[in-house]
Amino acid sequence: MNAFLKPLSVLALACTAYATQAQAEQLTVMTSGGFTAAYQKLGPQYAASSGDTLTTVLGPSMGKAPEAIPNRLARGEHADVVIMVGYALDELIKQGKVDPASRVELADSRIGMVVKAGADKPAIGTDAELKQVLLNAKSIAYSDSASGVYIEKELFKKLGAQDQLGPKGKMIERIPVGSVVAKGDYQVGFQQVAELLPVPGVTFVGKIPEDVQSVTRFAAGIPKGAEHPAEAKKLLQYLASPEVQDQVKATGLDSVPR
């Protein structure tokens, strides 16, 4: 290469690198607990392939905690993507805060139970077994999101033991339910399976029986006023794609029937 062409070649490479960098965007993703384990696996993979940078903000799909995604948006916090319980996302769509055309269904989540590591692993395969375990338990913990609302408002009634179990139950805000069971503060804990499996110090007992199960659909959308809606749409397409479903299921979630 002659002396004149070499500087031009270096300049061309520099311009190409700049163009690639200029196309990459920084996306803010708000995600709630149930899909977080899957997102933590898939997000870095997407960022590596797309060049986009993902900033992650954690918070429950609902509730009074200031960290809850609806409360964050109400305060004017910025997000390009929100990942949350489907019906909570639908409420944001009704409020005009999320673009309805952007809604993407991601995964189904079921409720499971844990006990402290080292404790006996009880049988909860039938309604009768689950009811007896809860009647014997000194204390019961559940989350302040969709699964906990279901436990408190519906499951105890379905088991015919609302009066006995209600006083023993406690809704845990902000932190994983498994963490308070691991410390011994509560004897048994309920949360979506994907939120229980990553917690150290607990034994996963299993999912509650299917006839009293509550299946939570996780979905995602793009808030109105998102700075990078086109890039956000590409991320959502990736998270819902057939190619990543094995990784999604490995976190304790179930694929959405397509």
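The chain is annotated in an unreviewed UniProt entry as ABC transporter substrate-binding protein of Pseudomonas quercus.

Novice: Before we move on, can you summarise the packing of aromatic side chains with the specific residues and values?
Specialist: Counted by the stated rule, this structure contains two aromatic pairs. Ring centres of Y46 and Y238 lie 5.4 Å apart, and the angle between their planes is 40°; on these two criteria the pair is classed as tilted. With Y46 in helix α2 (residues 33–50) and Y238 in helix α10 (residues 229–239), this residue pair connects regions lying 192 residues apart in the sequence. Its relative accessible area of 6% is what places Y46 among the buried residues. With centroids separated by 6.2 Å and ring planes inclined at 75°, the aromatic side chains of Y142 and F156 adopt a geometry described as edge-to-face. With Y142 in strand β6 (residues 140–143) and F156 in helix α6 (residues 146–158), the pair connects residues that are 14 residues apart, well separated along the chain. Both residues of the pair, Y142 and F156, count as buried.

Novice: Report on the sheet that holds strand β7 (residues 169–172), specifying residues and quantitative values.
Specialist: Taken together, the five strands give an open sheet; going across it, the order is β7-β6-β8-β5-β9, and neighbouring strands pair in mixed fashion. Each of the sheet's edge strands pairs with one partner strand only, and the pair in question is β7 and β9 (202–207). Between one strand axis and the next, the sheet turns through 30° on average, direction left out of account. Pairing between β6 and β7: four bridges, direction parallel. Bridged to S143 within β7 is I172. On top of the sheet, helix α5 (residues 127–136) reaches β5 (111–116), β6 and β8 (188–192); it is set at about 130° to β8, its chief contact.

Novice: Pulling in residues and values, what's your account of the sheet that holds strand β3 (residues 81–85)?
Specialist: Spatial ordering of the open sheet is given by β2-β1-β3-β10-β4-β11, a layout of six strands whose pairing is mixed. The open sheet is flanked by β2 (53–58) and β11 (254–255), the only strands paired with a single partner. One ladder, built from three bridges, connects strand β1 (residues 26–31) with β3; its direction is parallel. The residue of β3 that forms the bridge with T31 is I83. Lying over the sheet, helix α4 (residues 86–94) contacts β3 and β10 (216–221), oriented at roughly 130° with respect to β3.

Novice: Break down the environment of K97 for me, with residues and values.
Specialist: Looking at the element boundaries, K97 is found in the loop between α4 and β4 (104–109). Spatially, the C-alpha atom of K97 lies 8.6 Å from that of G225, the residues being 128 residues apart in sequence. Among residues more than four places away in sequence, those in contact with K97 are A74, L92, P223 and K224.

Novice: Tell me about the packing of α2 against α10, and name the residues and values.
Specialist: Look at α2 against α10: their axes get within 11 Å of each other, and the N-to-C directions meet at 115°. The interaxial crossing formed by α2 with α10 has right-handed handedness. Of the residues in α10, those in contact with F35, L42, Q45 and Y46 of α2 are E231, K234, L235, Y238 and L239. Class assignment for the residues of the contact of α2 with α10 results in six nonpolar, one polar and two charged.

Novice: Hey, could you go over the environment of F156 for me, with residue numbers and the actual values?
Specialist: With relative accessibility at 1%, the residue F156 sits in the buried group. Distance from F156 to V212, taken between C-alpha atoms, is 9.8 Å for residues 56 residues apart in sequence.

Novice: Could you give an account of the pairing of β8, with specific residues and numbers?
Specialist: Counting buried positions along β8 gives five out of five residues, so the element sits mostly inside the fold. Sheet analysis places β5 next to β8, joined by five bridges and oriented antiparallel. The partner of M113 across the bridge, within β8, is F190. Across three bridges, β6 lies against β8 in parallel orientation. Across the sheet, residue Y142 finds its bridge partner in β8, namely F190.

Novice: Hey, could you go over the nonpolar core for me, with residue numbers and the actual values?
Specialist: In terms of nonpolar packing, the biggest core is built from 42 residues, with F35, V82, I83, L106, L235 and L239 touching the most fellow members. Excluding residues that lie within four positions of it along the chain, V82 makes contacts with M30, I69, L73, L89, V98, A219, A220, G221 and P223. With 22 residues, the next largest nonpolar core counts I111, L130, L134 and I151 among its residues.

Conventions used here
Residues numbered from 1 in each chain as written. Predicted model: local features only at pLDDT ≥ 70, side-chain atom pairs only at ≥ 80, totals over all residues. Heavy atoms only, no water. Phe/Tyr/Trp six-rings, centres within 6.5 Å; stacked < 30°, edge-to-face > 60°. Helix = DSSP H or I, 4+ residues; strand = E, 2+ residues; numbered from the N terminus. Buried < 20%, exposed > 50% of the residue type's maximum accessible area, 1.4 Å probe, protein only. Pairing = 2+ DSSP bridges. Axes fitted to C-alpha atoms, helices over the stretch in contact; angles between N-to-C directions. Contact = heavy atoms within 4.5 Å. Left-handed = near helix turned anticlockwise from the far one by under 90°. Nonpolar A, V, L, I, M, F, W, Y, C, P; charged D, E, K, R; others polar. Core = buried A, V, L, I, M, F, W, Y, C linked by side-chain atoms within 4.5 Å.

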